[in-house]
Structure formats: structure tokens, C-alpha cells
Number of protein chains: 2
Amino acid sequence: MERIPILQMGEFLLVTIQVDMHDQLALRLQDDLTDRIEHTSARGVLIDISALDMVDSFIGRMIATISGLSRIMDAETVLVGMQPAVAITLVELGLTLPGVSTALNVDRGMHLLRKRVGHS
Amino acid sequence: MERIPILQMGEFLLVTIQVDMHDQLALRLQDDLTDRIEHTSARGVLIDISALDMVDSFIGRMIATISGLSRIMDAETVLVGMQPAVAITLVELGLTLPGVSTALNVDRGMHLLRKRVGHS
């Protein structure tokens, strides 16, 4: 069955979204991610969307949900790799991803997470 | 157009393969990867295949090609996240991925790369 892989990098988790999301896949990702946060005691989650040419309200909501879930499990979420065209569309549509931190790329997202959890 | 994202993490690049590979996608990945190695001066490439339930000779050959390309551009390649069932099938089929280094997961792959390029 299709699932989105979650990679552990030190005390952070990386999720790369490459495929079209649908309900089942999004629910499964939430389940998998909360399981992994529990088992690995991860302090942060990076969601990379550099492969996405567009982000609609469904994906926006999913990202907000993951961010909320992570927060109550004591892990910060940072969204990375957003394409310029995606950012423009999001703002034009009024989807401003409230409560979700963003960074330009994985490196900067990692840096932000390390600062947030007090490592640098 | 569909493409596989390449994430930069410090001086290494991470490629997560989640979708079914086909000729065009594999060629494009090789192009993108060599471009990125050139532009970022990356010293290592991690290929994560934890999302793949099966690896056939096409994917095996693609991994070997990427590994060879990276090597002549002075970057090491490590294949990570192989599922146990995939390893069993590969060995049964006689596809032993000659010349390709493997590690259990991204963390160990990064550790191996750091050792190879002389950082620890």
C-alpha cells in the first residue's frame, strides 16, 4: 500500500511530499508521523514540498493539521522548499498557512529547528 | 513535468524515490543530480528507497549509473532504507548492486558519508 516515507535525521524527521495527496494517504501520513514522533522522541519535523507545483486548500489543511499534531507532541514543524509560484498562488488564494513555520530549503529548516529546540 | 526532488543537506544531497521510475524520469534524475553536484560541490549522495516495495533490474541499473556518475564527479553514493523483502528479492534475483554502498537508514548513511569524505 502506498505511503509517504518518513526519514529520521538525528532528532528530526523529514517528510518529502512528491505524489498527489488524497484522503487516505494524508490520514496514513498523520498516523505514521505521530507514531514516529512517539518512537523516536523527535523534536522537529521538516515537510519538504519542493516537488509540488501547486498546493491547494486540501494540502494546506493537511500541513496545518500535521503542524498542530506535532506541536502537542512537543515537536516543531517547518515547511521547506516551497516553489515561488506556489507561494504566489497561496497568497493570492488567501491561504496563508497560519501557525506553520517556513524555511527556504532543508538546510535552513534544519538550522531553524536547531535554534528552536535550543541547540544553537 | 514530473521530477524527483533533490534535497541539499550540508554538503550531501538526498534523493528520496517514492514513485514508479520510468525511462524519462530516470534520465531527468541523472541530469538534475549531476547539475546539482556541480553547482553545490556536494561530496556525497544519499538515495533513499524506503518507499519502494520492490526493486527491479531497471531501478538497480539506474542506481548503479547514478553511483558511477557521482563517483567521477567526486561524490560518494550510499543507498539507504532498503526494506528487508527488497534485499531478499535482490539477492534471489542475483542483483547484488556491485559498487554501490548501502546503509540501513539516512542517519547511518550520513555517518558513512562523513567518514568517507574524512570528517569523522
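Above this text is the structure in question.
From a predicted model like this one, the values you see are computed outputs, not experimental measurements.

Caption draft 1: Region of the structure containing the interface of chain A and chain B. Listed by partner, the interface residues are 17 residues for chain A and 17 residues for chain B. When the buried surface of chain A facing chain B is broken down by residue, A:Pro5, A:Leu7 and A:Gln18 rank first, second and third, together holding 37% of it. Our count for the contact surface shared by chain A and chain B stands at 0 salt bridges. Taken together, chain A and chain B are joined by 4 residue pairs in polar contact (both at pLDDT 80 or more). Put simply, the parts of the chain that give the side of chain A that touches chain B at least two residues each are β1 (6–9), β2 (12–16) and α4 (106–116) of chain A. Looking at the side of chain A that touches chain B element by element, the count peaks at 3 residues for β1(A). Of the residues that constitute the side of chain A that touches chain B, the class distribution is 8 nonpolar, 5 polar and 4 charged.

Caption draft 2: Up close: the sheet that holds β1(A). Residues and elements named next belong to chain A. Judged by pairing direction, the sheet is mixed, and its 5 strands sit side by side in the order β1-β2-β3-β4-β5 without closing on themselves. Across the chains shown, the open sheet's two edge strands, defined by having one partner strand only, are β1 and β5 (101–103). Along the sheet, successive strands turn relative to each other by an average axial angle of 30°, direction set aside. The pairing of β1 with β2 spans 4 bridges and is antiparallel. Considered in β2, the bridge of Leu7 is made with Leu14.

Caption draft 3: Spatial organisation of the packing of helix α1 (residues 23–40) of chain A against helix α2 (residues 57–72) of chain A. All names here are of chain A. As a packed pair, α1 and α2 sit with axes 11 Å apart at the nearest point and diverge in direction by 20°. In terms of orientation, α1 lies roughly parallel with respect to α2. Taken as a pair, α1 and α2 cross one another with a handedness that is right-handed. Along the contact surface, α1 presents Asp23, Ala26, Leu29, Gln30, Leu33, Thr34 and Ile37, while α2 presents Phe58, Met62, Thr65, Ile66, Leu69 and Ser70. Considering only residue class, the contact of α1 with α2 consists of 8 nonpolar, 4 polar and 1 charged.

Caption draft 4: Up close: the pattern of salt bridges. All names here are of chain A. Under the criterion given, the structure shown has 6 salt bridges over all chains. Between Arg3 and Asp32 there is a salt bridge whose closest N-O contact spans 3.0 Å. Of this pair, Arg3 sits in the segment before β1 while Asp32 sits in helix α1, and the two are 29 residues apart along the sequence. Residue class for Arg3 comes out partly exposed when judged on its relative accessible area of 40%. Residue Asp32 is classed as buried on the basis of its relative accessible area of 14%.

Caption draft 5: Layout of the relation of the copies chain A and chain B. Of the transformation superimposing chain A on chain B, the axial component is 0.0 Å and the angular component is 180°, with the fit at an RMSD of 0.0 Å. What the superposition gives is, in effect, a two-fold axis relating one chain to the other. A share of 100% of interface residues in chain A that are also interface residues in chain B marks the association as one of identical surfaces.

Caption draft 6: Just unusual backbone geometry, in detail. At A:Leu97, a position not held by glycine, the phi torsion is positive, near 45°. Residue classification places A:Leu97 among the buried residues on the basis of a relative accessible area of 11%.

The rules behind each value
Residues numbered from 1 in each chain as written. Chains lettered and ligands numbered in written order. Predicted model: local features only at pLDDT ≥ 70, side-chain atom pairs only at ≥ 80, totals over all residues. Heavy atoms only, no water. Contact = heavy atoms within 4.5 Å. Buried area = accessible area lost by both parts, 1.4 Å probe. Salt bridge = Lys/Arg side-chain N within 4 Å of Asp/Glu carboxyl O. Polar contact = N/O pair within 3.5 Å; in protein donor to acceptor, adjacent residues only side chain to side chain. Helix = DSSP H or I, 4+ residues; strand = E, 2+ residues; numbered from the N terminus. Nonpolar A, V, L, I, M, F, W, Y, C, P; charged D, E, K, R; others polar. Pairing = 2+ DSSP bridges. Axes fitted to C-alpha atoms, helices over the stretch in contact; angles between N-to-C directions. Parallel < 35°, antiparallel > 145°, perpendicular 65-115°, else oblique. Left-handed = near helix turned anticlockwise from the far one by under 90°. Buried < 20%, exposed > 50% of the residue type's maximum accessible area, 1.4 Å probe, protein only. Least-squares fit on C-alpha atoms with pLDDT ≥ 70 in both.

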